[in-house]
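Here are the chains, one letter per residue:
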Amino acid sequence: MVTKQIKGPSEEADLRRADSLAREIFSDVANKWAFLIIETLGDRTLRFSELRNEIEGISHKMLTQNLRMLERNGLVERNVHPTVPPRVEYTLTEPGQGLRATVDGMCDWTHRYFAHIEAARHRFDA
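If you look the protein chain up in an unreviewed UniProt entry, it shows as HxlR family transcriptional regulator from Streptomyces fuscichromogenes.

Colleague: Break down helix α3 (residues 32–41) for me, with residues and values.
Modeller: Among the 10 residues in α3, 7 count as buried, and that is most of the element. Among the residues of α3, W33, A34, F35, I37, I38, T40 and L41 are the ones counted as buried. Sitting at the amino-terminal end of α3 is N31, which places a side-chain oxygen 2.9 Å from the backbone nitrogen of W33. Just past α3, the residue G42 takes up positive phi, approximately 50°.

Colleague: Could you give me a rundown of unusual backbone geometry, with the residues and numbers involved?
Modeller: Most peptide bonds take the trans form, and the phi angle of most residues other than glycine is negative. Cis geometry marks the peptide bond from V84 to P85; its omega dihedral reads -5°. Take P85: it is sitting in the loop between β2 (76–81) and β3 (87–92).

Colleague: Please provide a residue-by-residue account of the side chain of S20, values included.
Modeller: Mapping S20 onto the fold places it in the loop between α1 (9–12) and α2 (21–29). On the accessibility criterion, S20 (1% relative accessible area) is buried. A distance of 2.7 Å separates the side chain of S20 from the backbone oxygen of D14, its partner in a polar contact. Polar contacts involving the side chain of S20 include one to the main-chain carbonyl oxygen of R17, which spans 3.1 Å.

Colleague: Which residues make up the pattern of salt bridges, and what values do they have?
Modeller: Counted by the stated rule, this structure contains 7 salt bridges. D19 serves as the salt-bridge partner of R17, at 3.4 Å between the closest nitrogen and oxygen. We note a salt bridge from E89 to R87, for which the minimum N-O separation is 3.4 Å. Here E89 falls in the buried class, since its relative accessible area comes to 18%. Connected via shared salt-bridge partners are D43, R100 and D104.

Reading the values: rules and limits
- Position numbers for residues start from 1 in each chain and track the written sequence from start to end.
- Totals for whole chains, interfaces and linings use every residue, but because this is a predicted model, local features are given only for residues with pLDDT of at least 70 and side-chain atom pairs only at 80 or more, for both listing and counting.
- For the side-chain quantities, the full set of heavy atoms in the structure was used; hydrogens and water were omitted.
- Note on classification: 1.4 Å probe, protein chains only; a residue is buried when its accessible area is under 20% of the maximum for its type, exposed when over 50%, partly exposed between these limits.
- Segments assigned H or I by DSSP are reported as helices when at least four residues long, segments assigned E as strands when at least two residues long, and all are numbered from the N terminus.
- Counted as a polar contact is a pair of N or O atoms within 3.5 Å, where, for protein atoms, one must be capable of donating a hydrogen and the other of accepting one, and residues adjacent in sequence contribute only when both atoms are in side chains.
- One side-chain nitrogen of Lys or Arg within 4 Å of one carboxyl oxygen of Asp or Glu is enough to make a salt bridge.

Structure below.
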């Protein structure tokens, strides 16, 4: 997605504007895989294979795309160790840790209202 350049910083940060940088960032990070990667990393440093093993259902391609996106947005740091084969590790940056607090809140909300949402879905689908 290519973002149109806008003059004022307040316009760039306006999520309601379709062409704002804030909307692009929000679109990048507000997906289930990004949330699960952030939640899984937490305070840890993990290798690609460790992340893939811990996040059930994520494909190699989807994990790669989301890690690159998170790195591009400065939320994940990728550290390549010069070994054979290369050892690559991922860790959350300070902004990534800040987003993790929001992701933790979403996880808490899900657990708190799980039964309510499940019941609502059953009523709706009936």
